[in-house]
Amino acid sequence: MRKKIIAGNWKMNKTPKEALELVHNLKNKVDTDKADVVFCVPAIDIIPVVDALKGTNISVGAQNMHFKDNGAFTGEISADMLIEAGVKYVIIGHSERRQYFNETDETVNKKALHAIEKGLTPIICVGETLEQREKAITVDFVRIQVRSALKDVSAEQARHVVIAYEPIWAIGTGVTATSEQAQEVCAAIREVIGEIYNDDVADEVRIQYGGSVNGSNAAELFSMPDIDGGLVGGASLKDDFGGIVNY
């Protein structure tokens, strides 16, 4: 049985001092026995948050990384830097990265391959716009994103990848996909993984839902057969995150 995974994406929020206050507030409010819990924090917060979480089962994730080991890439951060700092997970291809920083399916694939090679667990984000949903091409679009992201990823490597389905129209809007809508797309993601590899691999890959997840809707969303947890935005910065993890 797949273990749930709940990851909080703090986005560009919390100074190091504020991050420590939030971690100390949340770390005893989440139950890590039944779900893997990850705090995906801004780069400047990684080292203090890793230190603050020592002795717990909560992991730290990064929100981005480069696909090269080093070089003239001002403002970027490498996998080796993240690993030495204590990072276990990295978000790749979030819609905000695609929209504002020109991430493409190609760069998402390069980053996913590099993260896997380095031993990091990628949380690969996919999802459609409102226009694409209204045109009824959601499933086709997301299937292409998944295939592109997993290009040249082996079956054994794919078992350890996390896919996060985040409908762009639901991110930060307060509008949540219905449990049926989320399940439909997450089931399609699992189906395409089975087509790329086989049913055994598809059964092992964990698929999250993200998009205005909160303490009141988490139980219904996470009870769906193909939804294995959530990538949580705004609610991960509040006490509500404890309720989401412990739903």
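The present account deals with the structure reproduced in this document. Just so it is clear, the structure is predicted and the values come from calculations on it, not from any experiment.

## Considering the overall build of the chain
Looking only at helices and strands, one finds twelve helices and eight strands in the chain. For the chain, the C-alpha radius of gyration of 17 Å lies close to 18 Å, the compact-globule estimate for 247 residues. Its C-alpha atoms put the chain at 45 × 45 × 35 Å along the principal axes. The burial tally for the chain puts 52% of its 247 residues in the buried class. Considering only intrachain contacts with a sequence separation of at least 6, the fraction spanning at least 24 residues in the chain is 74%. Summed over its atoms, the accessible surface of the chain is roughly 11300 Å², and 50% of this surface lies on carbon and sulfur atoms. In the chain, 26 positive and 36 negative side-chain charges are present, and the distance between their average locations comes to 3 Å.

## Quick word on the nonpolar core
Core analysis: the biggest nonpolar cluster contains 68 residues, and Phe39, Ile46, Ile163, Ile189, Ile193, Tyr209 and Phe241 have the highest contact counts within it. Excluding residues within four positions of it along the chain, Ile46 makes contact with Val41, Val60, Ala62, Leu82, Ala85 and Val87. Counting residues in hydrophobic clusters, the runner-up holds eleven residues, among them Val38, Ile91, Val162 and Leu231.

## Looking at the packing of helix α7 (residues 138–149) against helix α9 (residues 179–196)
Packing of α7 against α9 leaves a shortest axis separation of 9 Å and a crossing angle of 45°. With respect to α9, the axis of α7 lies oblique. As for how α7 packs across α9, the hand of that crossing is right-handed. In contact with Thr138, Val139, Val142, Arg143, Val146 and Arg147 of α7, α9 contributes Glu184, Val185, Ala188, Ile189, Glu191, Val192, Ile193, Glu195 and Ile196. Residue classes in the contact of α7 with α9 are distributed as nine nonpolar, one polar and five charged.

## Looking at helix α1 (residues 16–26)
Within α1, the full set of buried residues consists of Ala19, Leu22, Val23 and Leu26. Each buried residue of α1 sits inside an arc of 100° when the element is viewed along its axis, so together they form one side. For α1, the secondary structure elements touched by its buried residues are β2 (35–40), α2 (46–52) and α12 (240–245).

## So, unusual backbone geometry
A negative phi angle characterises most non-glycine residues, just as the trans form characterises most peptide bonds. Its identity as a non-glycine residue notwithstanding, Lys11 has a phi of 55°, on the positive side. Despite not being glycine, Lys14 shows a phi value in the positive range, around 85°.

Reading the values: rules and limits
- Residues numbered from 1 in each chain as written.
- Predicted model: local features only at pLDDT ≥ 70, side-chain atom pairs only at ≥ 80, totals over all residues.
- Heavy atoms only, no water.
- Helix = DSSP H or I, 4+ residues; strand = E, 2+ residues; numbered from the N terminus.
- Rg over C-alpha atoms; globule rule 2.2 N^0.38 Å.
- Buried < 20%, exposed > 50% of the residue type's maximum accessible area, 1.4 Å probe, protein only.
- Contact = heavy atoms within 4.5 Å.
- Areas by Shrake-Rupley, 256 points an atom, 1.4 Å probe, with all protein chains shown as cover.
- Lys, Arg positive; Asp, Glu negative; His and termini not counted.
- Charge placed at Lys NZ, Arg CZ, Asp CG, Glu CD.
- Core = buried A, V, L, I, M, F, W, Y, C linked by side-chain atoms within 4.5 Å.
- Axes fitted to C-alpha atoms, helices over the stretch in contact; angles between N-to-C directions.
- Parallel < 35°, antiparallel > 145°, perpendicular 65-115°, else oblique.
- Left-handed = near helix turned anticlockwise from the far one by under 90°.
- Nonpolar A, V, L, I, M, F, W, Y, C, P; charged D, E, K, R; others polar.
- Arc of directions from axis to C-beta.

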